[in-house]
Amino acid sequence: MPTTSKPAGLARHEAASAVIPGGVNSATRYVGAPFALTAASGAYVTDADGQRYLDYHAAFGAILLGHNAPVVNDAVCEAIGGLDLTGIGVTDAEIELARLVTELIPSAEQMVAATSGSEATAQAVRLARAVTGRRYIVKFQGGFHGWHDAVARNVISSPDRAYGPDPLSAGILDEVLDATLIAEFNDLESVRALYETHPEQIAAVILEPIPHNVGALVPTQEFAEGLRALTTEQGSLLVFDEVITGFRHAPGGYQQVCGINPDLTTFGKAMANGYPIAGISGRRDLMQRFSSAGGDVLLAGTYNGHPVCAAAAIATMTYLRDHPDFYERTHRLGDRMRTGLANILEELDVPGVVTGFGGVFVVYFVDGPIRGYRELLRNNHAAYVAFHRRMTQAGFLMLPMSLKRNHISGAHTGDDIDRTLEAARDVLKGMRAEGII
Ligand SMILES: Cc1ncc(COP(=O)(O)O)c(C=O)c1O
C-alpha cells in the first residue's frame, strides 16, 4: 500500500501543540492552517515543505529592509562577542541609539529603550497619568497598542461590540477597562464628546497615526491637526503610537509626514528590522519624570537597550537615514501595487477599496469611501480572508486574517509587484466566479 508522508508543516504544528499552547507563541500566528517557516532571505520566506513565498506579512511589519539584511546581520555579528548584557550604567550603543532617535523623530528630545511595543505604550500610558494626575485614556476603535490591560480593547470589534466594552482578553479588571474611552478615528467630534463627558479627567489620547491594525485608515490633515489642538487645549498628552508607522513611512515616522509633533511617541518593529527592541520618546520635561532621572515614574527593564538589539537598531536606522531614496522607492512600489490592484478591481467590476500608505497596501471588500472603523464594519471579511489565503497558496504571503495589511520591503522589486498583480487578477477572477465577491 502506498504511504503518504505527513506534510512537514503539519508535523511541526503537532509537535509544537504538545508543548506550546495552540502550537504558536502569539495567538495571531495561527491562521487556521499549520504554518512552519524554516528560512528567510530578502523578500522571501520558505516553509518546512519547501514552498517559497514572496513575503508581504513581514513579521507584522517588523521587517523593513528585507529578511536577514546584510547591513543588520553584520552589525549584530559584530555586537555578539563584544559587550553582552551587564545591567549597570550605559553603553556606547545606547547613547548612539538615543542620539539617532532624537535626530530622526521630530518630537523626540529624549528616549528610553524598551524590548517590545507593548512595554513602550504601557510606559506612555503610565507617564501620561502621572504627569496629568488624570484617570482616563482615549484610544480609537480599531487601534491596537499592545497586550497590556489599559489598551487591550476594541480593535477588530464585531458590529455589536464596536465602541462598547470589547476587551481582547479575559482577566482585565472592569475598572481598568472602564478607564479607557473609545473614539472614532478621523472624527474629532467623537473625541470632543469624550472631553465633554469627562472634563479635566483625560490624561492622554493615544493613536496609531495610521491605524494599520485594521489595514490602513489614513488620517485627514484636519483630524491630525485638530487632535493636536484639542489635546493641548484640554491639558492632555497626545501620544503617537508609531510602532508600525515609525521608520516605515519616513525616518521620522508619520509625524514627519504630517508635520505634527505629539508629546510622546512609541516605536518598535521596523526600527531594528525584526530584532526585539522598542522605545518611547518625547518632550524632555515629560521624559524627566522617569525614575532614572530622579522622577516618580518607574523605569525598569533588565533587557532595555540590549547591546545586540541596539546594534541592530543603530544599523537599521543609520541605513534609513543615509538612504532617503529607500522611501522614494518603497513608496513608488506601493503606488504601483495600489494602482494595479485598483485597476484590477475596476476591470473585474469587483466592489472594493484599495488603500494604504508608502509600502503598505490593503484591499477592503467594501464600497468606499473609508473614513474610520465605522465603514469597515461593512467590510466583507470572508472575501478579505479568502483573498489573502488564496494569494498565500499562490506563493504570495499575505496573512489570512481580516483587515491585516501587507508590507513592501526594501528587498521587493518592481517585477515582484507585477507578478503579484498577475496572481491577484487570477485569484479575484476565481473568487468572483465562485460568488465569494
Ligand atoms: C501600533 C502597535 N502598537 C503596539 C504594539 C505592540 O507591540 P509588541 O507586539 O512589540 O508588544 C503593536 C503590535 O502589533 C502595534 O501594532
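Here the structure is shown first, and the text comes after it.
If you're wondering where the values come from, they're calculated on a predicted model, not measured in any experiment.

Novice: Just to check I follow, could you spell out the overall build of the chain for this structure?
Specialist: Secondary structure assignment for the chain yields 15 helices and 14 strands. The C-alpha radius of gyration of the chain comes to 22 Å, within 12% of the 22 Å expected for a compact globule of 437 residues. Looking at the chain residue by residue over its 437 residues, the buried ones come to 54%. When the accessible area of the chain is evaluated, it comes to approximately 18,500 Å², of which 52% is carbon and sulfur surface.

Novice: Got a minute to help me understand the side chain of Asp416 in this structure?
Specialist: With respect to the helices, strands and loops of the structure, Asp416 is situated in helix α15 (residues 414–433). Residues contacting Asp416, with those up to four places away along its chain left out, are Ala43, Tyr44, Leu54, Tyr56 and Ala411.

Novice: Explain the sheet that holds strand β12 (residues 360–364) here, please?
Specialist: Pairing between sheet strands relies on hydrogen bonds along the backbone, with the strands arranged either parallel or antiparallel. What the 3 strands build is an open sheet, ordered β11-β12-β14; its pairing is antiparallel. The strands lining the two open edges of the sheet, one partner per strand, are β11 (353–357) and β14 (406–407). Strands in contact with helix α12 (residues 325–348) are β11 and β12; relative to β11, the strand with the most contacts, it is inclined by about 175°.

Novice: Would you explain the nonpolar core in this entry?
Specialist: Where a protein is soluble and globular, its nonpolar side chains tend to be buried together. Membership of the largest hydrophobic core comes to 65 residues, with the highest contact counts inside it found for Tyr56, Phe140, Val205, Leu227, Leu341, Tyr364 and Phe387. The element that contributes the greatest number of residues to this core is α15, accounting for 7 residues. One finds Leu97, Ala272, Ala312 and Ile314 within the second-largest nonpolar core, a separate group that totals 32 residues.

Novice: Is there a simple way to think about the site of the ligand in this case?
Specialist: Around the ligand lies a shell formed by Ser116, Gly117, Ser118, Phe144, His145, Gly146, Glu208, Asn213, Asp241, Val243, Ile244 and Lys269. Gly117 places a main-chain nitrogen or oxygen 2.8 Å from an oxygen atom of the ligand. Between the ligand and the protein, one listed contact pairs an oxygen atom with a side-chain N or O atom of Ser118 at 2.6 Å. Here the ligand, which alone exposes 390 Å², has 84% of that area covered by the protein. Residue composition of the shell around the ligand, grouped by class: 3 nonpolar, 6 polar and 3 charged.

Novice: What am I meant to see in empty space enclosed by the protein here?
Specialist: In this approach the atoms are scanned with a rolling probe the size of a water molecule, which exposes any empty space left behind. Counted according to the given criterion, the structure contains 1 cavity of 30 Å³ or more. Approximately 60 Å³ is the volume found for the largest cavity. Forming the boundary of the largest cavity are Phe185, Leu207, Pro209, Pro219, Phe223, Ala224, Leu227, Leu238, Phe240, Tyr254 and Cys258. Residue composition of the lining of the largest cavity, grouped by class: 11 nonpolar, no polar and no charged.

Scoring rules and cut-offs
- Residues numbered from 1 in each chain as written.
- Predicted model: local features only at pLDDT ≥ 70, side-chain atom pairs only at ≥ 80, totals over all residues.
- Heavy atoms only, no water.
- Helix = DSSP H or I, 4+ residues; strand = E, 2+ residues; numbered from the N terminus.
- Rg over C-alpha atoms; globule rule 2.2 N^0.38 Å.
- Buried < 20%, exposed > 50% of the residue type's maximum accessible area, 1.4 Å probe, protein only.
- Areas by Shrake-Rupley, 256 points an atom, 1.4 Å probe, with all protein chains shown as cover.
- Contact = heavy atoms within 4.5 Å.
- Pairing = 2+ DSSP bridges.
- Axes fitted to C-alpha atoms, helices over the stretch in contact; angles between N-to-C directions.
- Core = buried A, V, L, I, M, F, W, Y, C linked by side-chain atoms within 4.5 Å.
- Near = heavy atom within 4 Å.
- Polar contact = N/O pair within 3.5 Å; in protein donor to acceptor, adjacent residues only side chain to side chain.
- Nonpolar A, V, L, I, M, F, W, Y, C, P; charged D, E, K, R; others polar.
- 1 Å grid on protein atoms, 1.4 Å probe; cavity = no way out; pocket = protein on both sides within 12 Å on 5 of 7 lines; lining within 4 Å.
- Points joined across faces, edges and corners; volume = space filled by probe spheres on them.

In short, geometric facts, not functional conclusions.
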